[in-house]
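One letter stands for each residue in the lines below.
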Amino acid sequence: MSRLAIYPGTFDPITNGHLDIVRRASHIFDEIVICIAENTEKTPLFTIEERLELAITSIAGSDHITVETFGGLLAEYARMRKAAAIIRGLRAVKDFEYEFQMALMNKSLYPEVETIFLMPSERFTYVNSSIVREVARLGGDVTAHVPSAVAEALRKKFL
Ligand code: PNS
């Protein structure tokens, strides 16, 4: 039986750090679905359609990796997709508290799913979407931290 893992997030926008986690997860699971949250407490810079398109472009050519959007509860989405695991990246200790809380809540809502934390390569430990957005907004070069389509989309947003 094929083992599917979902990798949820806001992906506003997808970064090279996210792609590093996807690559690691793809060595463990048969199929990875990047799940972009439609409804989030955050107010995203990119629309759900833009985030979807940027993620699809960024994983182009990768076998067994797909991108979807989801609304509502992640645990319900995981149940509907029959996911064996939820993948989350852990960069530093400060990520832990929120991640621990989410993992336990998701487990209580859908006990069959495990949350698996993966560490990115050291060079991505300081990269996240919000710092990338801020640097891009202030005219900094983010090309080392995001796929080229994302760098271009950020450039256009902040013209
Ligand atoms: O990339 P992010 O913003 O850290 O991802 C957070 C995300 C989207 C995974 C989380 O907010 C989420 O799961 N949202 C869906 C709604 C939900 O299930 N909330 C309860 C989480 S325990």
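The structure we're discussing is the one just above.
First things first, this report covers the structure right here in the doc. (Residues numbered from 1 in each chain as written. Predicted model: local features only at pLDDT ≥ 70, side-chain atom pairs only at ≥ 80, totals over all residues. Heavy atoms only, no water.)

Quick look at the sheet that holds strand 2 (residues 31-37)
Here five strands make up an open sheet; going across it, the order is 3-2-1-4-5 and the pairing parallel. Edge positions in the sheet fall to strand 3 (65-70) and strand 5 (114-118), since each of these pairs with one other strand and no more. For this sheet the average axis-to-axis angle between neighbouring strands, irrespective of direction, equals 30 degrees. Sheet topology note: the strand 4 (residues 85-89)/strand 5 ladder contains five bridges and is parallel. What sits directly across from G89, in strand 5, is L118. Set on the sheet, helix 1 (residues 16-26) makes contact with strand 1 (4-9), strand 2, strand 3, strand 4 and strand 5; between it and strand 2 the angle comes to about 150 degrees. Across the face of the sheet, helix 4 (residues 93-109) comes into contact with strand 4 and strand 5 while running at roughly 170 degrees to strand 4. (Pairing = 2+ DSSP bridges. Helix = DSSP H or I, 4+ residues; strand = E, 2+ residues; numbered from the N terminus. Axes fitted to C-alpha atoms, helices over the stretch in contact; angles between N-to-C directions. Contact = heavy atoms within 4.5 Å.)

Thoughts on the nonpolar core
The biggest cluster of nonpolar side chains holds 32 residues, and the ones touching the most others in it are Y7, I32, I34 and I87. Broken down by secondary-structure element, the contributors of at least two residues to this core are strand 1, helix 1, strand 2, helix 2 (48-58), strand 3, strand 4, helix 5 (129-137) and helix 6 (148-157). With near-sequence residues (within four places) excluded, I32 lies in contact with A5, Y7, V22, A25, S26, H64, I65 and T66. Within the second largest apolar cluster, 14 residues are counted, among which are V33, A37, A75 and A78. (Core = buried A, V, L, I, M, F, W, Y, C linked by side-chain atoms within 4.5 Å. Buried < 20%, exposed > 50% of the residue type's maximum accessible area, 1.4 Å probe, protein only.)

A short note on the packing of aromatic side chains
As enumerated under the stated definition, the model contains three aromatic pairs in all. Plain terms: the ring middles of Y7 and F11 are 5.3 Å apart, the flat faces sit at 80 degrees to each other, and that makes the pair edge-to-face. Here Y7 and F11 have matching classes, each one buried. Ring centres 5.1 Å apart and planes at 20 degrees place the aromatic pair F96 and F100 in the stacked group. In this pair, F96 and F100 both sit in helix 4, four residues apart, roughly one turn of the helix. (Phe/Tyr/Trp six-rings, centres within 6.5 Å; stacked < 30°, edge-to-face > 60°.)

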